[in-house]
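# Reading the structure
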Amino acid sequence: MQTAAVYARFSSDNQREASIDAQVRACEEYAAKNGLVIVKVYADRAKTGTSDKRPEFQQMIEDSSKKMWSTIIVHKLDRFSRDKYDSALYKRRLKKNKITLVSVLEKLDGSPESVIMESMLEGMAQYYSQNLAREVMKGMRETAYQCRHTGGTPPLGYNVDPATKKYVVNDTEAETVRLIFEMYLNGMGYGRIVDELKLRGMRTKKGQPFAKNSLHDILKNEKYAGVYVFNRSAEKDFEGRRNNHASKEEAHVIRIPGGIPPILDQQTFDSAQEKMKSNQRPDWDQVLVDIADYVRDYPITSKLAYDTARLCLIDTLGCGLEALQYPACKKLMGPVVPGTVVPNG
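Notes on the structure follow.

About the cut-offs
Residues numbered from 1 in each chain as written. Predicted model: local features only at pLDDT ≥ 70, side-chain atom pairs only at ≥ 80, totals over all residues. Heavy atoms only, no water. Helix = DSSP H or I, 4+ residues; strand = E, 2+ residues; numbered from the N terminus. Buried < 20%, exposed > 50% of the residue type's maximum accessible area, 1.4 Å probe, protein only. Contact = heavy atoms within 4.5 Å. Areas by Shrake-Rupley, 256 points an atom, 1.4 Å probe, with all protein chains shown as cover. Phe/Tyr/Trp six-rings, centres within 6.5 Å; stacked < 30°, edge-to-face > 60°. Lys NZ or Arg CZ within 6 Å of the ring centre and 35° of its normal. Salt bridge = Lys/Arg side-chain N within 4 Å of Asp/Glu carboxyl O. Axes fitted to C-alpha atoms, helices over the stretch in contact; angles between N-to-C directions. Parallel < 35°, antiparallel > 145°, perpendicular 65-115°, else oblique. Nonpolar A, V, L, I, M, F, W, Y, C, P; charged D, E, K, R; others polar. Pairing = 2+ DSSP bridges. Core = buried A, V, L, I, M, F, W, Y, C linked by side-chain atoms within 4.5 Å.

Scanning the protein chain from terminus to terminus reveals 13 helices and eight strands. Looking at the 345 residues of the protein chain, the share that counts as buried comes to 37%. Sequence separation of at least 24 residues holds for 65% of the intrachain contacts in the protein chain that already meet a minimum separation of 6. Put simply, the protein chain shows about 20900 Å² of open surface, and 52% of that area lies on carbon and sulfur atoms.

Here the focus is the environment of Met-124. Structurally, Met-124 can be placed in helix α5 (residues 112-145). Linking Met-124 and Lys-84, residues 40 residues apart in sequence, is a C-alpha distance of 9.8 Å.

Here the focus is the packing of aromatic side chains. Within this structure, the stated rule accounts for 10 aromatic pairs. Between Phe-57 and Phe-80, the aromatic rings sit 5.2 Å apart at their centres with planes inclined by 65 degrees, giving edge-to-face as the arrangement. Pair noted here: Phe-57 is in helix α2 (residues 55-63) and Phe-80 is in helix α3 (residues 77-80), with a separation of 23 residues, a long-range link. Neither residue differs from the other here; Phe-57 and Phe-80 are each classed as buried. Pairing Phe-181 with Tyr-224 gives two aromatic rings, centres 6.3 Å apart and planes at 80 degrees, and the pair type is edge-to-face. Of this pair, Phe-181 sits in helix α6 (residues 171-185) while Tyr-224 sits in the loop between α8 (212-220) and β7 (227-230), and the two are 43 residues apart along the sequence. Residues Phe-181 and Tyr-224 agree in their burial class; the two are buried. Among the aromatic residues, ring-to-ring pairing joins Tyr-158, Tyr-167, Phe-181, Tyr-224, Tyr-228 and Phe-269 into one connected group. Geometry around Tyr-42 places Lys-40 over its ring, the cationic atom sitting 5.3 Å from the centre.

Tallied over the full model, the rule gives nine salt bridges. Between Arg-79 and Asp-78 there is a salt bridge whose closest N-O contact spans 3.0 Å. Asp-78 carries the same exposure label as Arg-79, and that label is buried. One salt bridge connects Arg-255 with Glu-222, and the closest N-O pair in it is separated by 2.8 Å. Of this pair, Arg-255 sits in strand β8 (residues 254-257) while Glu-222 is found in the loop between α8 and β7, placing the two residues 33 residues apart along the sequence. Given the relative accessible area of 30%, Arg-255 is considered partly exposed. Put simply, Glu-62, Asp-63 and Lys-66 are held in one network by salt bridges that share partners.

Here we take up the packing of α2 against helix α4 (residues 84-96). It is at 9 Å that the axes of α2 and α4 come closest, and there the two elements cross at 30 degrees. One finds that α2 runs roughly parallel with respect to α4. Across the interface between the two elements, Phe-57, Gln-58 and Ile-61 of α2 pack against Tyr-90, Arg-93 and Leu-94 of α4. Looking at side-chain class alone, the contact of α2 with α4 contains four nonpolar, one polar and one charged residues.

Let us look at the pairing of strand β1 (residues 2-10). Most of β1 sits out of view: seven of its nine residues are buried. Here β1 pairs with strand β2 (residues 36-45) via nine bridges, running parallel. Note on β2: the bridge partner recorded for Tyr-7 is Tyr-42. Pairing analysis gives three bridges linking β1 to strand β3 (residues 71-74), with the strands arranged parallel. From the neighbouring strand, Ala-5 faces β3, where its bridge partner is Ile-72.

Another aspect to go through is the nonpolar core. Core analysis: the largest hydrophobic core is formed by 31 residues, its most contacted members being Phe-181, Leu-197 and Tyr-224. Only α6, α7 (190-199), α8, β7 and α9 (266-278) provide two or more residues apiece to this core. When residues of this core are assigned to their parent elements, the largest contribution, seven residues, is made by α6. Leu-197 has contacts with Thr-176, Leu-179, Ile-180, Met-183, Met-202, Phe-210 and Leu-215, leaving out every residue within four places of it along the chain. In terms of nonpolar packing, the next biggest core, distinct from the first, is built from 14 residues, Ala-8, Leu-36, Ala-43 and Ile-73 among them.

Bear in mind that shape data such as this cannot, by itself, settle questions of function.
Written out as structure tokens, the structure is:
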């Protein structure tokens, strides 16, 4: 008698634990009718099918090479994956390991017609997921225009009023936020600020010690100046990863000044942004462009000037135009190009 594994999954959209039980029960009935013995059940709870970042799913794929079972049973193909690329990739791996994937509700026998049907079902599953995400986003945007909380953990310094779903200031946490801005504007670096916060026993919203990355996010957060912001973070990449420091185009971001109670005055927040901008490292592509423009605008007429320019160009990524800080270089080569000097060259 052939052995089989069951894979069940539910996402967070109006589903619950009972969904897993119902899927497993249907798979057990299918196994009994088709002479299969279930030896393992893999179940991912509150995990979307649009990503393969599912612990039980990945364990099942890994186990497929160990000959523990010969068939995987799913209630529907969209439980396996709602991404066409992932579906094709992992089905290929299963096929390589001589594992058969079967669906309780979709009768696929490997014929040319069933291949077309399977592709259509996968496409419909992906459409359903993407359309659902679009509809959810539409509702969240309407919530955002009302300056209400759209989900997740509110930033440090704020709570959410359970009745109105609007942000309210958490006075204790707000003092931590003000202290962070004060220390930063007084010239303290991230490391010293983290040490000072630790010394005072201050913690993040989740009760963790502060880190440099968390300070960066706080110092950049427009909410502290009273600006309600929604949909700023860039989309996830094809592997499901998100760069929270990257932003979407302004046309997609909702910003409502005065939409949230401020913790800081505008001048304090703006001063912090100016300081952060001045501390940024130069764009090295732009540095090279500036050097080329400099050479074009200021003809080099002596060997010493030529050698200096050549060495600056060679060592640009190491020192920029640090050499131009020296009086002899300035005399021979003209004015320093703004923004191209890097300390400690």
